[in-house]
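Each chain is listed here by its residues.
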Amino acid sequence: TPELREKLLSVDSPTISNAIELLKLRPRREGFMGPQIACRFPDLGRVVGFATTCTIIEYDEKYPPDPAERFKWLESIAKSPKPCVCVVKDMCHRKGWYSHWGEIVGTQVQVLGADAIITDGAVRDLEALHDMGMKVWSEYVVVSHGHIDVGLAGIVFEIGGLVVHPGDLLHADCNGVVKIPIEGLADLPAAIDEVLANE
């Protein structure tokens, strides 16, 4: 609901993490991405949204891949519950050397309803992404897009130490990225209030 989204966005990711601990739905060592996934634009604020997933792969420019998976991925963003975030796993031979994410792809997914990109790969066009308000978490920043495309869309994978399924609810800010267990969502606002009161 809009009210629940506002509640989740009113607090930082460590508070969300602490509130989830109170619900005892998973070990404290699990449920978040590691320090390699960095927030590129802290000033753009927090994001909460449902994950859409894809991998990116390198290809020989003489033999471009079938675009079917790229269209499948874009369709998944359009059909995803909103708000949504794009989670992208870099499967390239030289991980982090080529950027799938820049001004053009950022614009495409924003038009389709995505609020953010979270990737263990690279991004570029930082000024343009910032100007359009696209929130970005990445492991790398690089200048070139090389020859890459979507490998597989709508799959489960590990990124930054966190297993992400399509449809997972993620909360992210300048501290990092945490997954919110859907089964605890109804109890989370009260747990957040308890954390804040204790602090």
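Just so it is clear, the structure is predicted and the values come from calculations on it, not from any experiment. (Residues numbered from 1 in each chain as written. Predicted model: local features only at pLDDT ≥ 70, side-chain atom pairs only at ≥ 80, totals over all residues. Heavy atoms only, no water.)

Participant: Could you clarify how one ought to interpret the side chain of His171 in this entry?
Facilitator: Here His171 shows up in strand S10 (residues 169–173). At a separation of 2.8 Å, a polar atom in the side chain of His171 contacts the main-chain carbonyl oxygen of Leu8. A polar contact of 2.8 Å, which involves the side chain of His171, links it to the side chain of Ser13. (Helix = DSSP H or I, 4+ residues; strand = E, 2+ residues; numbered from the N terminus. Polar contact = N/O pair within 3.5 Å; in protein donor to acceptor, adjacent residues only side chain to side chain.)

Participant: Would you explain the state of the cysteines in this entry?
Facilitator: By definition, a disulfide links two cysteine residues through a covalent bond between their sulfur atoms. Per the counting criterion, the structure on display carries 0 disulfides. Left without a disulfide partner, Cys54 is nearest to the cysteine sulfur of Cys86, which lies 7.5 Å away. Here Cys174 stays free of any disulfide, with the sulfur of Cys39 as its closest cysteine sulfur at 6.3 Å. (Disulfide = S-S within 2.5 Å.)

Participant: Explain the packing of helix H1 (residues 2–9) against helix H6 (residues 188–198) to me, please; I cannot follow it from the model alone.
Facilitator: Contact geometry of H1 with H6 gives a least axis separation of 10 Å together with a crossing angle of 30°. One element, H1, and the other, H6, form an angle in the roughly parallel class. Our pair here, H1 against H6, has a crossing hand that is left-handed. Two secondary-structure elements touch here, H1 through Leu4, Lys7 and Leu8 and H6 through Leu188, Pro189, Ile192 and Asp193. Here the contact of H1 with H6 is composed, by residue class, of 5 nonpolar, no polar and 2 charged. (Axes fitted to C-alpha atoms, helices over the stretch in contact; angles between N-to-C directions. Parallel < 35°, antiparallel > 145°, perpendicular 65-115°, else oblique. Left-handed = near helix turned anticlockwise from the far one by under 90°. Contact = heavy atoms within 4.5 Å. Nonpolar A, V, L, I, M, F, W, Y, C, P; charged D, E, K, R; others polar.)

Participant: Looking at this structure, how should I read the pattern of salt bridges?
Facilitator: Working definition: two side chains of opposite charge can pair if their charged atoms are close together. Scanning the entire structure with this criterion turns up 9 salt bridges. As a salt-bridge pair, Arg70 and Asp149 come within 2.8 Å of each other at their nearest N and O atoms. Here the residue Arg70 occupies a position in helix H3 (residues 68–79), and Asp149 occupies one in strand S7 (residues 148–153), the gap between them amounting to 79 residues. Taking the shortest distance from any N to any O, the salt bridge between Glu139 and Lys95 comes out at 2.9 Å. Of this pair, Glu139 sits in strand S6 (residues 135–141) while Lys95 is found in the loop between strand S3 (84–90) and strand S4 (99–101), placing the two residues 44 residues apart along the sequence. Judged by relative accessible area, which is 23%, Glu139 ranks as partly exposed. Three or more residues are tied together by salt bridges with common partners; here these are Lys89, Asp120 and Glu158. (Salt bridge = Lys/Arg side-chain N within 4 Å of Asp/Glu carboxyl O. Buried < 20%, exposed > 50% of the residue type's maximum accessible area, 1.4 Å probe, protein only.)

Participant: Help me understand unusual backbone geometry, please; the structure alone is not making it clear to me.
Facilitator: Cis geometry is found at the peptide bond from Lys82 to Pro83, where omega equals 0°. As for its position among the elements, Pro83 is in the loop between H3 and S3. If you check the backbone angles, Lys24 has positive phi at about 55° while not being a glycine. Among the secondary structure elements, Lys24 is positioned in the loop between helix H2 (13–23) and strand S1 (38–39). With a relative accessible area of 71%, Lys24 lands in the exposed category.

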